[in-house]
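# Descriptive structure summary
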Amino acid sequence: MTILHSISSTSSTTVQRTEAFSWPRGTEHTPDDILIGGTSLTAAARGGQTPLVRIGETSVPDASSLVRRAFVTVLVTRVIHVDRLGMLQRPDVWVDADLRVCEPIMEAARIIGRAATDRRRRARMLTETDPATHRDVKLSADIQPGDLIAIPCHGTLPHTHVARHFPNPVVLADKPDDQGGDPGFYGSCGK
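Described in the following lines is the structure provided in the data block. (Residues numbered from 1 in each chain as written. Predicted model: local features only at pLDDT ≥ 70, side-chain atom pairs only at ≥ 80, totals over all residues. Heavy atoms only, no water.)

## A few points about the overall build of the protein
What counts is decided by this rule: A run of H or I in DSSP becomes a helix once it reaches four residues, and a run of E becomes a strand once it reaches two; helices and strands are each numbered from the N terminus. Each residue is assigned to one of three classes by its accessible area relative to the maximum for its type, calculated with a 1.4 Å probe on protein chains only: buried under 20%, partly exposed between the two thresholds, exposed over 50%. The contact rule is simple, with two residues in contact once any of their heavy atoms fall within 4.5 Å.
Broken down by element type, the protein carries three helices and 10 strands. Counting helices and strands in the order they occur from the N terminus, the protein gives α-β-β-β-α-β-β-β-β-β-β-β-α. In the protein, buried positions account for 36% of the 191 residues. Residue pairs at least 24 apart in sequence account for 64% of intrachain contacts in the protein once pairs closer than 6 positions are excluded.

## Some points on the pairing of strand 6 (residues 92–95)
Put simply, the rule reads: Pairing between strands is defined by DSSP: at least two bridges between the two strands are required.
The side-chain alternation of strand 6 yields two buried faces, one formed by D92 and W94 and the other by V93 and V95. Looking at chain direction, strand 6 and strand 8 (residues 120–127) are connected through four bridges and run parallel. Along strand 8, the bridge assignment pairs V95 with T127.

## Remarks on the pattern of salt bridges
Put simply, the rule reads: Salt-bridge detection follows one rule: a side-chain nitrogen of Lys or Arg within 4 Å of a carboxyl oxygen of Asp or Glu.
This structure, assessed with the given rule, holds seven salt bridges. In this structure, the salt-bridge partner of D136 is R90, at a minimum N-O distance of 3.0 Å. Separated by 46 residues along the polypeptide, D136 in strand 9 (residues 134–140) and R90 in the loop between strand 5 (67–83) and strand 6 bring together distant segments of the chain. According to the relative accessible area criterion, R90 is partly exposed, its value standing at 32%.

## Regarding the side chain of D33
Inclusion rule: Positive charges come from Lys and Arg, negative ones from Asp and Glu, while His and the chain ends are left out of the count. Definition of a polar contact: a pair of N or O atoms within 3.5 Å, with one able to donate and the other able to accept a hydrogen when the atoms are protein atoms, and with sequence-neighbouring residues admitted only if both atoms are side-chain atoms.
Along the chain, D33 turns up in strand 2 (residues 33–36). One buried charged residue, D33, remains without a salt bridge, the closest side chain of opposite sign being R110 at 6.8 Å. A polar contact of 2.8 Å, which involves the side chain of D33, links it to the side chain of T42.

## Notes on the pairing of strand 9
Both strand 8 and strand 9 contribute to a ladder of seven bridges, which runs antiparallel. Looking at strand 9, one finds that R121 is bridged to L139. Counting the residues between successive antiparallel strands, the hairpin from strand 8 to strand 9 contains six residues.

## Examining the sheet that holds strand 2
A sheet is described by the order of its strands in space; here three strands give the open sequence 1-2-3, paired in antiparallel fashion. A single partner strand is all that each edge strand has here, and the edge strands are strand 1 (27–30) and strand 3 (39–40). As paired strands, strand 2 and strand 3 are joined by two bridges and run antiparallel to one another. Across the sheet, the residue bridging to L35 is S40, located in strand 3.

## Brief notes about the nonpolar core
Grouped burial of nonpolar side chains is what soluble globular proteins tend to show. We count it as follows: Joining through side-chain atoms within 4.5 Å is the link that ties buried Ala, Val, Leu, Ile, Met, Phe, Trp, Tyr and Cys residues into a set, and such a set is a nonpolar core.
Ranked by size, the top nonpolar core spans 21 residues in total, and within it L75, V93, M125, L139, I143, I149 and I151 carry the most contacts. For this core, the secondary structure elements donating two or more residues are strand 5, strand 6, strand 8, strand 9 and strand 10 (148–154). Listed in part, the 14 residues of the second largest apolar core include I34, L52, I105 and A108.

That is the geometry; function is a separate question.
Listed below in structure tokens is the structure:
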């Protein structure tokens, strides 16, 4: 056994342990899906709207070599658009979830709903609600619009915190504009 072999097997074991602590207890991984408590995340996302969340308890290794209980939220979001700026640059992956309060476990995010390539690379996830906020994750290199991504995040996140909230929504007024404009809007458009 060589030193390189020892290092790579130790690294692989560490990644597998990190992966196990990243998901709720009872999570099962298949080549194209994740089941939490026997429920398919792909079926749940296809049957309803994304983003969706599943919160579960996990065991987290402590610095004192003990294991403590913690919670993890699995966020399932859909890819809206992928910007590939160059071969060496990480892609920008635009998703339909609000990411401002999400702290993803970068190494554990994965595509669900189809078999993806094993080759993973860093990507930046962004959202239209706050383009300045991005989260770094590792995803399959063949990520494309329409894909579903399952992302474990530290702590508990209610659905209301990841559902898209567009800033400055248009609010219709109760009475028509008396200046001859469109009903429901007051004043001029400012052109």
